[in-house]
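Analysis of the macromolecular model
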Amino acid sequence: MALALQTFATVKDATAALKVRGTRYLGGGTLVVRAANEGDVSVSGLVRSTDPALSSIAVVGGKVRIGASVTMAAIASHPDLGALAKAARAVGGPAIRNMATVGGNLFAPAPYGDFAVALLALDATVDTSDGELPIESFLAGRDDNHALIISVGFTLPKAGGFRFLKVSRVKPKGVSVLSIAAVLEQAADGTVSSARIALGCMADRPMRANAAENALLGRTIDREGIAAALAVAGEGTSPITDPIASAWYRAEVLPVHLGRLLLS
Amino acid sequence: MAKVPVQFTLNGSEKAEFIDSGTTLLNALRDKIGDTSPKGGCHQGTCGACSVIIDGELRLSCLTLAETCNGASITTTSGLAEGGVLHPLQRAFLDAFATQCGFCTPGMIMAAKVLLDHTPNPSRDEVVEALSGNICRCTGYEPIIQAVLTAARANSQNAA
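Thresholds, definitions, all that
Residues numbered from 1 in each chain as written. Chains lettered and ligands numbered in written order. Predicted model: local features only at pLDDT ≥ 70, side-chain atom pairs only at ≥ 80, totals over all residues. Helix = DSSP H or I, 4+ residues; strand = E, 2+ residues; numbered from the N terminus. Rg over C-alpha atoms; globule rule 2.2 N^0.38 Å. Buried ≥ 20, exposed ≤ 12 C-beta atoms within 10 Å, placed from the backbone. Contact = placed C-beta atoms within 7 Å. Nonpolar A, V, L, I, M, F, W, Y, C, P; charged D, E, K, R; others polar. Pairing = 2+ DSSP bridges. Core = buried A, V, L, I, M, F, W, Y, C linked by C-beta atoms within 7 Å. pLDDT = per-residue confidence, 0-100. Axes fitted to C-alpha atoms, helices over the stretch in contact; angles between N-to-C directions. Parallel < 35°, antiparallel > 145°, perpendicular 65-115°, else oblique. Left-handed = near helix turned anticlockwise from the far one by under 90°.

The next point concerns the overall build of chain B. Secondary structure assignment for chain B yields five helices and five strands. Over its C-alpha atoms chain B spans a radius of gyration of 16 Å, differing by no more than 12% from the 15 Å that the globule rule assigns to 160 residues. With respect to the principal axes defined by its C-alpha atoms, chain B has extents near 50 × 35 × 25 Å. Here chain B holds 160 residues, and 48% of them are scored as buried.

Below, the structure is given as structure tokens:
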């Protein structure tokens, strides 16, 4: 089925065109063209914008802003984003990483969207044509989103402060059993002063492990210190079942992998 | 639906066509231009059989709309042989029995070509990583990995 593609020079014009029912934004094509190829008749038209604001990466004073059209390959090879390279490289194979965009990853349903898990742990803000909002609110309301994603912004974590793990059965590239991203800050005595942990595949979209985060506060990062957090890691989760793993399996192995990530 | 013009360079020669808006590059190449070397496997971005090189980057032609390639330079496996002489990767794939049913081979060769263009002497791990988006159901991958390493050695010997 042919889809009419409209290309606009500015975000403003593309946003207006997106308001037409059945119109979807075309980023790298790895979600929306795939849907069209599968016969998704809800997609009747495509819109894209060549606005340079969508494809730039800016790192100024520890603050990062990544345009929605920036690809996973561009993030993985950016000299100032080394901390995030592992999460960007976790997405797809080389061809997918040359196409898949940051903006698209925010909409990727589980078991995809590993980079959005990283952004959730970084407590990113999502800048849309309707204004900025925290990534957690954005993800919660993404099914009803009709705005155009312009960029994501976050504070670069301290060296070694960002941890990321993707578990897959096929190496080196495979679909996620689950993914975990964590940003931990420790006080001078080594106890955890702040913790943000994001989980992928443990619900239909990336989610925060709030109970585990709270259980880590004031504790040290060792086997005993993290035990309480691992015990409540699955709280609030509702893992997906797919050909990669059952919900039961994902729930069983989550504490194991969270433990490995925290102790790594 | 109105046709849209597309124009790009395919394996060094200029191509111009009128296509339906929304046509994938894979369908434009195979059905309009007649280059059937990219294969339509899954049409989901999972198998890599449709891989082509667009402006030096590996892309999946099944998920790329042809009209977004205006002005681009596209390389497919059918453009590798020169005057009947196979490209070192094609030669190595034949010699190493790295192709069985052959359906994945053009995509594998495209992925391997991008790797060798940037990394002339890759490690085994780099080869595995470069081919990680391409699925082969026949060979078990090992002959393919060996073929890419052999082609890399052949290239460096020719360059020396």
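So, on to the interface of chain A and chain B. Frequently, the measure chosen for interface size is the accessible area that the parts lose on association. Contacts between the two partners involve 20 residues from chain A, matched on the other side by 26 residues from chain B. Broken down by secondary-structure element, the contributors of at least two residues to the side of chain A that touches chain B are β1 (4–8), α2 (32–37) and α5 (94–99) of chain A. Broken down by element, the residue count for the side of chain A that touches chain B peaks at five residues, all from α5(A). Classifying every residue of the side of chain A that touches chain B by side-chain character gives 11 nonpolar, six polar and three charged.

On to the pairing of strand β6 (residues 125–128) of chain A, then. All names here are of chain A. In this sheet, strand β7 (residues 131–134) lies alongside β6 in antiparallel orientation, the contact comprising four bridges. Following the sheet pairing, Asp127 is matched in β7 by Glu132. If you look at the hairpin formed by β6 and β7, you'll find two residues sitting between the two strands. Bridging between β6 and strand β8 (residues 149–155) involves four bridges; their strand directions are antiparallel. By the bridge assignment for β8, Thr128 is matched with Ile149.

Residues A:Ala118, A:Leu119, A:Ala121 and A:Ala181 are the most contacted members of the largest nonpolar core, which totals 129 residues. Contact partners of A:Ala181, with chain neighbours within four places excluded, come to A:Ala87, A:Val117, A:Ala118, A:Leu120, A:Ala121, A:Arg163, A:Phe164 and A:Ala198.

In this section: the confidence of the model for chain B. Here chain B shows a mean pLDDT of 95. Residues at 70 or above account for 99%. Confidence estimates for the predicted assembly give a pTM of 0.95 and an ipTM of 0.95.

What follows deals with the sheet that holds strand β2 (residues 13–20) of chain B. Two pairing modes exist for strands in a sheet, parallel and antiparallel, and in both the strands are linked by backbone hydrogen bonds. All names here are of chain B. Here we have five strands laid out as an open sheet, ordered β2-β1-β5-β3-β4, and mixed in their pairing. In this open sheet, the two strands that pair with only one neighbour each are β2 and β4 (57–60). Along the sheet, successive strands turn relative to each other by an average axial angle of 40°, direction set aside. As paired elements, strand β3 (residues 51–54) and β4 share four bridges and run antiparallel to each other. Within the sheet, the bridge partner assigned to Ile54 lies in β4 and is Glu57.

Residues and elements named next belong to chain A. If you trace the four strands from one edge of the open sheet to the other, you get β9-β10-β11-β12, paired in antiparallel fashion. The sheet is open, and its two borders are formed by β9 (162–168) and β12 (207–208), each paired with just one other strand. Looking at chain direction, strand β11 (residues 192–200) and β12 are connected through two bridges and run antiparallel. Paired with Leu199 across the bridge in β12 is Met207. Across the sheet, helix α7 (residues 114–121) touches β9, β10 (176–186), β11 and β12, and the angle it forms with β10 is around 20°. The strands touched by helix α11 (residues 247–263) are β9 and β10; relative to β10, the strand with the most contacts, the crossing angle is about 40°.

Turning to the packing of helix α2 (residues 88–95) of chain B against helix α5 (residues 142–159) of chain B, a few remarks are in order. Residues and elements named next belong to chain B. At their nearest, the axes of α2 and α5 sit 8 Å apart, and the two run at 135° to each other. When the interaxial angle is binned, α2 and α5 end up oblique. Note that α2 runs across α5; the crossing there is right-handed. Contacts between α2 and α5 involve Pro88, Leu89, Ala92 and Phe93 from the first element and Ala147, Thr150, Ala151, Ala154 and Asn155 from the second.

The omega angle of the peptide bond from A:Ala110 to A:Pro111 is 15°, so this bond is cis rather than trans. The topology assignment puts A:Pro111 in the loop between α6 (102–105) and α7. Of note, the bond from A:Lys171 into A:Pro172 is cis; its omega dihedral lies within 30 degrees of zero at -5°. The residue B:Phe97 is not glycine, and still its phi comes out positive at about 55°. The residue B:Phe97 is located in the loop between α2 and α3 (105–118) in this model. On the basis of neighbour counts, which here come to 12 C-beta atoms within 10 Å, the residue B:Phe97 falls in the exposed class.

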